[in-house]
Amino acid sequence: MTLAQIIVVTSGKGGVGKTTTSAAVAMGLALQGKKTAVIDFDIGLRNLDIIMDCERRVVYDFVNVIQGEATLNQALIKDKRCENLFILAASQTKDKTALTEEGVEAVLAELAETFDYIVCDSPAGIELGAHMAMYFADIALVVTNPEVSSVRDSDRILGVLQSQSRRAKLGLDPIKEHLLITRYDPTRVGKGEMLSIEDVMDILGIPLIGVIPESESVLKASNSGQPVILDQKSDAGQAYADVIERFQGKDVAMRFTERKGFFQRVFG
């Protein structure tokens, strides 16, 4: 599995924006011409296909492929908006134990032959589905909200990434870790209701790749089956586009981290 880069989108807590991030990052990379697959590891729940607006097209899923009931080609769903993007949905009817290390490795190895990036949308926490999503990763996007419980749980995840991944077990170069702060609200930070970017970075000690502002557009995008990165009028969409640029090595200033003054609020 040397060709594709495997990215895990992970966090300790639920509800921090992992699936939103997985959809946005996968779409962003695909729009840059990178052949990208995004896999939903949240067996039993399955949300990625809703955010990607392909839930009605799911015939076969990740578990069907692992269990030999369908080929990978049958299960991959091509995105309607971008020819470089493919989705592999999770099973709603199976249990997380359906994910085996050998089965996941075989699927990733087959994808790695033809894809540039494989984005793994991890469930929250450190149970089996999350462990499987993290195990084979080359790169981790650790998603956290600027609040103490979320950051503390992300710190736990960093411990797992650094000790229980395939790279750690085999003594290979460590997983490349990136911090993504979501639902950031500079006004609430100013009032002391949220941790600052500096606070979060001090606690976690990994490089920051982006700050996604609190934005209604994220919910609107999810409800309409559209990755928020496609909404380039929104702050959140632009912030995710910046993340893709940084991910590819470009030096892009962090936006949406300051409180807006009166004139900015009135005149945008």
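Here the structure is shown first, and the text comes after it.
Residues numbered from 1 in each chain as written. Predicted model: local features only at pLDDT ≥ 70, side-chain atom pairs only at ≥ 80, totals over all residues. Heavy atoms only, no water.

Draft legend 1. Main features of the packing of aromatic side chains. Inspection of the entire model under this criterion finds four aromatic pairs. When the ring of Phe 41 is compared with that of Phe 62, the centres are 5.0 Å apart and the planes differ by 80°; the resulting orientation is edge-to-face. Of this pair, Phe 41 sits in the loop between strand S2 (36–40) and helix H2 (48–51) while Phe 62 sits in helix H3 (residues 62–66), placing them 21 residues apart in sequence. The two residues Phe 41 and Phe 62 agree in class, both being buried. On the basis of an interplanar angle of 85° and a centroid distance of 5.6 Å, the ring pair of Phe 86 and Phe 115 is categorised as edge-to-face. Here the residue Phe 86 occupies a position in strand S4 (residues 85–88), and Phe 115 occupies one in the loop between helix H5 (101–112) and strand S5 (117–121), the gap between them amounting to 29 residues. Sitting above the plane of the Phe 115 ring, Lys 35 keeps its charged end 4.7 Å from the centroid. (Phe/Tyr/Trp six-rings, centres within 6.5 Å; stacked < 30°, edge-to-face > 60°. Helix = DSSP H or I, 4+ residues; strand = E, 2+ residues; numbered from the N terminus. Buried < 20%, exposed > 50% of the residue type's maximum accessible area, 1.4 Å probe, protein only. Lys NZ or Arg CZ within 6 Å of the ring centre and 35° of its normal.)

Draft legend 2. Molecular detail of the pattern of salt bridges. This structure, assessed with the given rule, holds ten salt bridges. The salt bridge partner of Lys 80 is Asp 53, with a shortest N-O separation of 3.6 Å. Of the two residues, Lys 80 is situated in the loop between strand S3 (77–78) and S4 and Asp 53 in the loop between H2 and H3; the sequence distance between them amounts to 27 residues. According to the relative accessible area criterion, Lys 80 is exposed, its value standing at 53%. (Salt bridge = Lys/Arg side-chain N within 4 Å of Asp/Glu carboxyl O.)

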